[in-house]
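Next come the chains, spelled out residue by residue.
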Amino acid sequence: EAGVAQSPRYKIIEKRQSVAFWCNPISGHATLYWYQQILGQGPKLLIQFQNNGVVDDSQLPKDRFSAERLKGVDSTLKIQPAKLEDSAVYLCASSFRDPSTDTQYFGPGTRLTVL
Amino acid sequence: GDSVTQMEGPVTLSEEAFLTINCTYTATGYPSLFWYVQYPGEGLQLLLKATKADDKGSNKGFEATYRKETTSFHLEKGSVQVSDSAVYFCALKDAGNMLTFGGGTRLMVKP
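Residues numbered from 1 in each chain as written. Chains lettered and ligands numbered in written order. Predicted model: local features only at pLDDT ≥ 70, side-chain atom pairs only at ≥ 80, totals over all residues. Heavy atoms only, no water.

(A) The arrangement of the overall build of chain B in detail. Scanning chain B from terminus to terminus reveals zero helices and 12 strands. Secondary structure of chain B in N-to-C order comes out as β-β-β-β-β-β-β-β-β-β-β-β. Against the compact-globule benchmark of 13 Å for 111 residues, chain B has a radius of gyration of 13 Å, which places it among compact chains. Along the first, second and third principal axes, the C-alpha atoms of chain B reach 45 × 25 × 20 Å. Taking all 111 residues of chain B together, 46% fall into the buried category. Across chain B, contacts joining residues at least 24 apart in sequence account for 54% of those joining residues at least 6 apart. As displayed, chain B has an accessible area near 5,300 Å², and 48% of this comes from carbon and sulfur atoms. Side chains of chain B carry 10 positive and 12 negative charges; the gap between the two charge centres is 3 Å. (Helix = DSSP H or I, 4+ residues; strand = E, 2+ residues; numbered from the N terminus. Rg over C-alpha atoms; globule rule 2.2 N^0.38 Å. Buried < 20%, exposed > 50% of the residue type's maximum accessible area, 1.4 Å probe, protein only. Contact = heavy atoms within 4.5 Å. Areas by Shrake-Rupley, 256 points an atom, 1.4 Å probe, with all protein chains shown as cover. Lys, Arg positive; Asp, Glu negative; His and termini not counted. Charge placed at Lys NZ, Arg CZ, Asp CG, Glu CD.)

Written out as structure tokens, the structure is:
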């Protein structure tokens, strides 16, 4: 089966600009996650969706980050305006239905560089 | 809050050497424990997991045992190959189903 797709793979922007990342989860997966992975660190969860509803966004910097999953399939993560410290790899993951038991499958990530 | 601590890398080994990557955790309750692997240019992949104390997870020659008394989940492999070169992440999932990752350990295996 096809894996989690993300685009773009790389993005370079200047600070204060806006940027958006797209994720297409594995077909049939109800749960979708966005993670931020700063160089040399492990991934940190930003937001979790169950279908098109938000389950957990407690670590999402809501003054500049937003995410949506309008039809319960694809998702978009936006940063507006970007700061230097937002340079990181943004990972999307999905799981079938039950977050307590189902394996999370990760996409290849989008590497963001903010200059 | 929950946290995971891994040994810092890089770990450099010769082919067929024995591998141990240490992982300890802090959590309330009884988390599930995981090892993920990230090969160059690829996404994170689940390597193995254990859901309760004394469980042993294993896959592709790697194994790790959930040790509640020492709050550890060390990754081991008896004979590493060049193809095992990657970054390895230890993680836990708490009752709220959030994954918390360690900082990762880079393994480099030389022929």
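Read on, since the account is not over.
(B) Layout of the layout of surface pockets. By volume, the largest pocket is sized at about 680 Å³. As for the largest pocket, its lining consists of 29 residues, of which A:Q37, A:L39, A:R111, B:Q38 and B:R106 are closest to the centre. Elements that contribute at least two residues to the lining of the largest pocket include exactly β9 (88–95) and β11 (110–114) of chain A together with β10 (86–93) and β12 (105–110) of chain B. Of the residues contributing to the lining of the largest pocket, the split by class is 13 nonpolar, 12 polar and four charged. (1 Å grid on protein atoms, 1.4 Å probe; cavity = no way out; pocket = protein on both sides within 12 Å on 5 of 7 lines; lining within 4 Å. Points joined across faces, edges and corners; volume = space filled by probe spheres on them. Nonpolar A, V, L, I, M, F, W, Y, C, P; charged D, E, K, R; others polar.)

(C) Structural context of the interface of chain A and chain B. Across the boundary between the two partners, chain A contributes 20 residues, which contact 15 residues of chain B. Counting the surface chain A buries against chain B, the share from its top three residues, A:P43, A:Q104 and A:F106, is 29%. Across the chain A-chain B interface, the total number found is zero salt bridges. The interface formed by chain A and chain B contains one residue pair in polar contact (both at pLDDT 80 or more). Taken together, the residues of the side of chain A that touches chain B sort by class into seven nonpolar, 10 polar and three charged. (Buried area = accessible area lost by both parts, 1.4 Å probe. Salt bridge = Lys/Arg side-chain N within 4 Å of Asp/Glu carboxyl O. Polar contact = N/O pair within 3.5 Å; in protein donor to acceptor, adjacent residues only side chain to side chain.)

(D) Spatial organisation of the pattern of salt bridges. Residues and elements named next belong to chain A. Applying the stated criterion across every chain, the model contains five salt bridges over all chains. Of the charged contacts in the structure, one is a salt bridge between R64 and D86, with a shortest N-O distance of 2.5 Å. Here R64 is found in the loop between β6 (53–56) and β7 (65–68), whereas its partner D86 is found in the loop between β8 (75–79) and β9, with 22 residues between them in sequence. By relative accessible area, which is 11% here, R64 ends up buried.

(E) Layout of the sheet that holds strand β9 (residues 75–77) of chain B. Residues and elements named next belong to chain B. Reading across from one edge, β3-β9-β8-β7 is the order of the four strands in this open sheet, with antiparallel pairing throughout. Lying at the two open borders of the sheet, with one neighbouring strand each, are β3 (19–21) and β7 (56–59). Mean inter-strand twist for the sheet, computed between neighbouring axes without regard to direction, equals 15 degrees. Here β7 runs beside strand β8 (residues 62–65); their pairing, made up of four bridges, is antiparallel. Considered in β8, the bridge of S58 is made with E63. (Pairing = 2+ DSSP bridges. Axes fitted to C-alpha atoms, helices over the stretch in contact; angles between N-to-C directions.)

(F) Layout of the state of the cysteines. What the rule picks out here adds up to two disulfides over all chains. Disulfide pairing is shown between A:C23 and A:C92; the S-S distance is 1.9 Å. Disulfide A:C23 to A:C92: torsion about the S-S bond roughly -70 degrees, handedness left-handed. Within this pair, whereas A:C23 is found in strand β3 (residues 19–24), its partner A:C92 is found in strand β9, the two being separated by 69 residues in sequence. Looking at A:C23, the relative accessible area reads 0%, which means it is buried. Taking the relative accessible area as the measure of exposure, A:C92 reaches 0% and is therefore buried. With a sulfur-sulfur separation of 2.0 Å, B:C23 is cross-linked through a disulfide to B:C90. Between B:C23 and B:C90, the disulfide has an S-S torsion of -70 degrees and is therefore left-handed. (Disulfide = S-S within 2.5 Å.)

(G) Highlighting the side chain of A:H29. Residue and element names in this part refer to chain A. Relative to the helices and strands, H29 resides in the loop between β3 and β4 (31–37). Among the polar contacts made by the side chain of H29, one reaches the main-chain amide nitrogen of S95 at a distance of 3.4 Å. Excluding residues that lie within four positions of it along the chain, H29 makes contacts with R69, S94, S95, F96 and Y105.

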